[in-house]
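Okay, here's what each chain looks like letter by letter:
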Amino acid sequence: MAEAHQAVGFQFTVTPDGINFHLSREVLKHIYLSGVTSWRKRAIQFKNGILTGVYPASPSSWLFVVIAIMSSIYARLDPSLGMIDSIRKIDYLTSQSQTVLSAILFATGLWWSLILLLRFTLKVLLSYHGWIFEPHGKMTCFLFQASLPRLPVPSIDDTICRYLESVRPLLDYDQYKNMEIVANEFKKDQAPRLQKYLWLKSWWASNYVSDWWEEYIYLRGRSPIMVNSNFYTMDLLYMIPTHRQAARAGNVVHALLQYRRKLERGEHIPMRALGVVPMCSSQYERMFNTARIPGIETDCVQHMRNRKHLVVYHRGRFFKLWLYYGGRHLLPSELEQQFQCILSDTSEPQPGELKLASLTAGNRVPWAKARQKYFSEGVNKTSLDAIETAAFFLTLDDEAHGYDPDRAESMDLYAKSLLHGKCFDRWFDKSFTLVVYKNGKIGVNAEHSWADAPIIGHMWEDILATDYFRLGYTEEGHCKGDINKGLAPPSRLQWDIPKACQEVIEHSYLIAKDLADDVDFHGCVFEEFGKGLIKKCRTSPDAFIQLALQLAHYRDKGEFCLTYEASMTRMFREGRTETVRSCTIESTAFVQAMEDTAYTVTQRLALFRKAAEKHQNMYRLAMTGAGIDRHLFCLYIVSKLLDIESPFLNQVLSEPWRLSTSQTPQQQLNLVDIQKFPKYVGAGGGFGPVADDGYGVSYIIVGENLITFHVSSKYSYDSLCLQDSHRFGQNIRQAMLDIRELFSLKEKAL
């Protein structure tokens, strides 16, 4: 009955002498502390709102301006050029009050005008991106989030010219000439009208791309988001701090709560491109208490505030766990205690509960209809609301995964588990699902519509560093701290799922399982060399890897393909991503030279450097708002809204990305010295293939001597011997070694 007493703030009884109230001091104390915490948070948010609102000035600068104006008045000077005298014409105030009030009003107006002028100046400065094309070290400046410029709309001429250049190595002469004709007709006839609408939107909206990108690329998709959209991030490659599942979950969840608190208070330092220009932080706002809500035609992203619970999935049961006690976060040891209660619970799943989450893994329309019909009232609505408003979703997995050098398939199985699991043990609609395996290894499955991989990467670096180096574990592997016997245990979510709904759940599960079984993964831990040696070759590590991928793909399939590399546009307000088309005229020339014995080492190296320089320049153009694919995408959206049929845009938007690549950012926060702790390196993350007949490749450049590749493809095409993730991974390894050999042979020749 202890839990019942804690749940009731007061009791009363009726006696002949009247009503006696019996107050529970402990519960009232908790209520008081919760209120204090809530008001403290509101005060911090209010303070941050004021500081952000007057940026780049400060509230104290207002007082300085007022004092300066008042001093000038008493010195019989009029800096307002007569404006103060005009303001003083208020009859119901004394002469002295009129003077003081008019001076304050003028000073406030002058102060606000100066703020707007400074903001405009900073936007002009941040709109200059020539520094990114210059050698590092030539530019130093200190710029901030509030003054980020809008993403510019590229010119039609530049976009079409660069598009035609990008497809030239993929088309034969006749195909290219036909594309050139179609592109020029579009540029002459339809493009000017569409461009005007984009230009108007670029001035009206914060970002002319991001809202359409979120809606049309992510939220309007009706196919499963599992594999097709969601991505994953792994634990540290070599280390497991404890093999106790509940303890690892306790530390990591506590670290996440600390991260969320800093996020709510605005205490995270803004990220900077190349350590100089700050990047937009708007994507961080929806990291917690966020869920994707299914709809018939389109989904939406629901973000809540001040939710203080977590939902945990274990062996087919859903548990609700409160994250606060007495106005504070639960401590790691208290969280471990709560998770151990869940692990020790032997109750069985309710009918339909085991595979319930597979609704989020299947097609979106059946899920939307089932949500409206079966989860709109009663206990089902209450339990679903608990999941969708939770801080995040946690799965205490009953499997063991992680990288094992003695098991070649260990990375492959680890990746598949994080990407899709059993198809019913991850809530794929949550902003992210934290997965804690029974051997203590962890990982994350993230929904993609609300943010991109660098945002999750930022959080993940902070969490791992906090877990390993700040919180730590006892010698027995438990969380540090004492056990709190006063905590109420986690509660089971209740469900009333009828047979008809169970059939929908099973159908979604079968669709998701077919998709999951079709995904082939290969994790390649490349330890032969890394960033250190590549930089000694005086080239960009990213360009080096992208050229190796082109060489590997050509050897794998005997042809070149349209290649996607994700870049970011976060130097602009609400910026997200842009595409770098890595298959270029220069890269194909280099690859062909590598496969032609008639070329010398010197000739191949010259072609390599030319291709690498081209790739770096394209990456810089993408970062500075001069990419082509988001521009073409938005032109296409406008054409559809205006009911304009464009053969050129239809062709562009229908071209498949048979090689989709992305670099996982590393050491965004520099919280761990990898030179001092070489085993504390991340394993990166990955995603499913974008095209059914293509590859998805994610890679992370860790420290000076390690690169990890995550390769994905579809088994359904393996039967034709057209693709195989393991084979492609081996081709990548050999391509990396072959390019390195070029530099080694050159050094020997010298």
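Residues numbered from 1 in each chain as written. Predicted model: local features only at pLDDT ≥ 70, side-chain atom pairs only at ≥ 80, totals over all residues. Heavy atoms only, no water.

- Taking an unreviewed UniProt entry as the reference, the protein chain is identified by name as Carnitine O-palmitoyltransferase 1, muscle isoform belonging to Electrophorus electricus.
- UniProt, in the comment section headed Catalytic activity (unreviewed entry), describes the protein chain in these words: "(R)-carnitine + hexadecanoyl-CoA = O-hexadecanoyl-(R)-carnitine + CoA". (UniProt positions renumbered as here; feature names shortened; annotations may be inferred.)

## Considerations on unusual backbone geometry
In most cases, non-glycine residues show a negative phi, while peptide bonds are predominantly trans.
Thinking step 1. The backbone of Val227 shows a phi angle near 75 degrees, a positive value even though the residue is not glycine.
Thinking step 2. Of note, Val227 is situated in the loop between helix 9 (210-219) and strand 3 (231-234).
Thinking step 3. According to the relative accessible area criterion, Val227 is buried, its value standing at 1%. (Helix = DSSP H or I, 4+ residues; strand = E, 2+ residues; numbered from the N terminus. Buried < 20%, exposed > 50% of the residue type's maximum accessible area, 1.4 Å probe, protein only.)

## Thoughts on helix 7 (residues 173-189)
Thinking step 1. Across its 17 residues, helix 7 extends 24 Å between first and last C-alpha, which sits within 8% of the 24 Å expected from 1.5 Å per residue.
Thinking step 2. Those residues of helix 7 not exposed but buried are Tyr176, Met179, Ala183 and Phe186. Down the axis, helix 7 shows its buried residues gathered within 85 degrees of arc, on one side only. Those residues of helix 7 that are exposed and aimed more than 90 degrees away from the buried face are Tyr173, Asp174, Lys188 and Asp189.
Thinking step 3. Where helix 7 begins, one side-chain oxygen reaches toward the backbone nitrogen of Asp174, 3.3 Å away; that side chain belongs to Asp172. (Expected span 1.5 Å × (residues − 1). Arc of directions from axis to C-beta. Polar contact = N/O pair within 3.5 Å; in protein donor to acceptor, adjacent residues only side chain to side chain.)

## Details of the pairing of strand 18 (residues 577-581)
Thinking step 1. Within strand 18, five of the five residues are buried, which leaves it mostly tucked inside the rest of the structure.
Thinking step 2. Along strand 18, one buried face is formed by Thr577, Thr579 and Arg581 and the opposite face, lined by Glu578 and Val580, is buried too.

## What about the pairing of strand 9 (residues 317-322)?
Thinking step 1. Sheet topology places strand 8 (residues 309-314) next to strand 9; six bridges connect them, and they run antiparallel. Bridge pairing links His309 to Trp322 in strand 9.
Thinking step 2. Counting the residues that bridge the hairpin from strand 8 to strand 9 gives two residues, and of these Arg315 lies at a positive phi of roughly 50 degrees.
Thinking step 3. Pairing between strand 9 and strand 15 (residues 491-492): two bridges, direction antiparallel. The residue bridging Lys320 from the neighbouring strand is Ser491, located in strand 15. (Pairing = 2+ DSSP bridges.)

## Some points on the environment of Met623
Thinking step 1. Within the secondary structure layout, Met623 lies in helix 20 (residues 601-623).
Thinking step 2. Expressed as a C-alpha distance, the spacing of Met623 and Thr577, which sit 46 residues apart in the sequence, is 8.4 Å.

## Quick look at the sheet that holds strand 16 (residues 519-526)
Thinking step 1. With mixed pairing, six strands are arranged side by side in an open sheet as 16-22-21-19-17-18. At either margin of the open sheet sits one strand with a lone partner, and together these are strand 16 and strand 18. Going across the sheet, the axis of each strand differs from the next one's by a mean of 20 degrees, ignoring polarity.
Thinking step 2. The pairing of strand 21 (residues 695-702) with strand 22 (residues 706-714) spans seven bridges and is antiparallel. (Axes fitted to C-alpha atoms, helices over the stretch in contact; angles between N-to-C directions.)

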